[in-house]
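Fold and contact review
Below, each chain spelled out in residue letters.
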Amino acid sequence: MIGIRIASADDMPVVGGLAREALTLDAPEAPQLVARLADPPEGRTWTALVTSGLEGVVFASTSAVPGLGHVDLFAVRPEARCRGLGRALVVAAEGWLRDHGVREVRLAANPPCYAWPGIDVRYTPAVLLAESMGYERYRVAWNMTVDLAAYGPRDASAEPLATGTGYARAPSEEDDLARLAAAGATVRAAPAGQRDAVVAFARENWNDAWAWEAEHATGCHYAVRGGEILGFAAWGARPLWFGPMGTAESARGLGVGSVLLRCCLRELAATGQRTAQIGWVGPLAFYAKTAGAWVERAFWLYNRSLA
């Protein structure tokens, strides 16, 4: 019998280490992912369940959509695999979700506070577990990667990363800034605690999820003209990833997005990262042309009925 209990606050540092060991593709940021999931938006119902010996963990949460729930993250230490712990944790999460009125569960992100869009296709044991439990793929999501060499200092001996995009870089930031200036627009940083206007802009033009991400991001920049916000970009709401970014329809074509993207990439480069992830990408061509980004990570989103 596999013992599973609700994780306590005191367990979280150990869970962060567990995640670092288990999530080999995301090891450097795994403790930050645990911390982010343990501090979700106000009003979200969630839990973290662990095995009795802290060999494995699963996070689960309910959605704002009635009857919908999410398994946000599950991980088992490498030395404890092949003992049924992963399956037991997901079953326990499903039970918790069912008790909270969930009829459909997704192995997919619960924006705005999430670890990944879905299961990275390279986490083969997680894919096999999901499909063996009757989960079905319903969507694919992509991340793009950016080489940050152009946005900050790096070892001159380091080889540039091969992007394979086939695109040349877009016009320089100076050109984009000149175009914005000619249109009467400027770009500003939005420090933490001073983002009310940006948060309101994101909520009005997109949704509450983007507003939350703009508020909780590590870095945020926006473009303004005559007191009117034209666009914003943020990074770090999902630890160390870029996004979200949006430009008002009335300002498209001015180069707002290009400038805001580069502002955020410079800050990401300053953290010491060699590359940056652009999460859950929609406009592939924009990022490929503007930043030389290439598609690298793919995620399968799964669901199944609990009826």
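Here, residues in each chain are numbered from 1, in the same order as that chain's written sequence. For a predicted model such as this one, the threshold for reporting local features is a pLDDT of at least 70, and the threshold for listing and counting side-chain atom pairs is 80 or more; totals across whole chains, interfaces and linings nevertheless cover every residue. No hydrogens and no water enter the side-chain calculation; it runs on all heavy atoms of the structure.

1. What about helix 8 (residues 256-270)?
For helices the rule is a DSSP run of H or I covering at least 4 residues; for strands it is a run of E covering at least 2, with both sets numbered from the N terminus onward. To estimate how far a helix should reach, multiply one less than its number of residues by 1.5 Å. In this model, helix 8 (15 residues) spans 22 Å end to end at C-alpha, consistent with the 21 Å of a helix rising 1.5 Å per residue. For each residue, the accessible area found with a 1.4 Å probe, counting protein chains only, is set against the maximum for its type, and the residue is called buried under 20%, exposed over 50%, and partly exposed in between. Most of helix 8 is tucked away: 12 of the 15 residues are buried. Within helix 8, burial applies to V256, G257, S258, V259, L260, L261, R262, C263, C264, L265, L268 and A269. One or two steps after helix 8, the chain reaches G272, where phi turns positive at roughly 100°.

2. As for the environment of R87
As for its position among the elements, R87 is in helix 3 (residues 85-99). For the pair formed by R87 and L129, sequence separation is 42 residues and the distance between their alpha carbons is 6.9 Å. A contact between two residues is defined here by any heavy atoms of the two lying within 4.5 Å. Sequence-distant contacts of R87, defined by excluding residues within four places in its chain, comprise L129, S132 and M133.

3. Quick look at a nonpolar patch on the surface
Residues V140, W142, L284 and V295 make up a contiguous nonpolar surface patch of roughly 310 Å² in combined accessible area. Within the secondary structure, V295 sits in strand 13 (residues 294-305). Classification of V295 as partly exposed rests on a relative accessible area of 41%. Only residues above 30% relative accessible area that lack a salt bridge enter a patch, with like-charged residues linked at up to 9 Å and the nonpolar side chains Val, Leu, Ile, Met, Phe, Trp and Tyr linked at up to 5 Å. Each accessible area is a Shrake-Rupley result for a 1.4 Å probe, and residues are judged covered by the shown protein chains and nothing else. Any Lys or Arg side-chain nitrogen located within 4 Å of an Asp or Glu carboxyl oxygen qualifies as a salt bridge.

4. A look at unusual backbone geometry
Across the junction of P111 and P112, the peptide omega takes the value 10°, indicating a cis bond. Structurally, the position occupied by P112 is in the loop between strand 5 (104-107) and strand 6 (119-120). That bond from G243 to P244 is cis: its omega, 5°, falls within 30 degrees of zero. In this fold, P244 is placed in strand 11 (residues 241-247). One non-glycine residue, C82, adopts positive backbone phi at about 70°. Following the sequence through the fold, C82 ends up in the loop between strand 4 (68-76) and helix 3. Assessed through its relative accessible area of 85%, C82 is described here as exposed. We note that W280 has phi near 55°; this positive angle belongs to a residue other than glycine. By secondary structure assignment, the location of W280 is in the loop between strand 12 (275-278) and helix 9 (284-291).

5. Quick word on helix 2 (residues 30-37)
What helix 2 keeps buried is the set A30, L33, V34, R36 and L37. One side of helix 2 holds all its buried residues, which, seen down the axis, span an arc of 165°. Contacts from the buried residues of helix 2 go to helix 1 (12-22), strand 2 (46-51), strand 3 (56-62), strand 4 and helix 7 (208-216). Directions are taken from the helix axis to each C-beta atom, and the arc is the one they span.

6. Here we look at the environment of P13
The topology assignment puts P13 in helix 1. With relative accessibility at 63%, the residue P13 sits in the exposed group. In this structure the C-alpha to C-alpha distance between P13 and V281, which are 268 residues apart in sequence, comes to 31 Å.

7. Re the nonpolar core
Counting residues in hydrophobic clusters, the biggest one holds 55 residues, and the most contacted among them are F59 and L73. With six residues, the top contributor of residues to this core is helix 3. Dropping the residues within four chain positions of it, F59 is found in contact with M12, V15, V34, L37, A38, W46, T47, A48, H70, V71, D72 and L73. Counting 30 residues, the second-largest nonpolar core is a separate cluster that includes M144, W235, C264 and A276. In plain words, nonpolar cores are sets of buried Ala, Val, Leu, Ile, Met, Phe, Trp, Tyr and Cys residues tied together by side-chain atoms within 4.5 Å.

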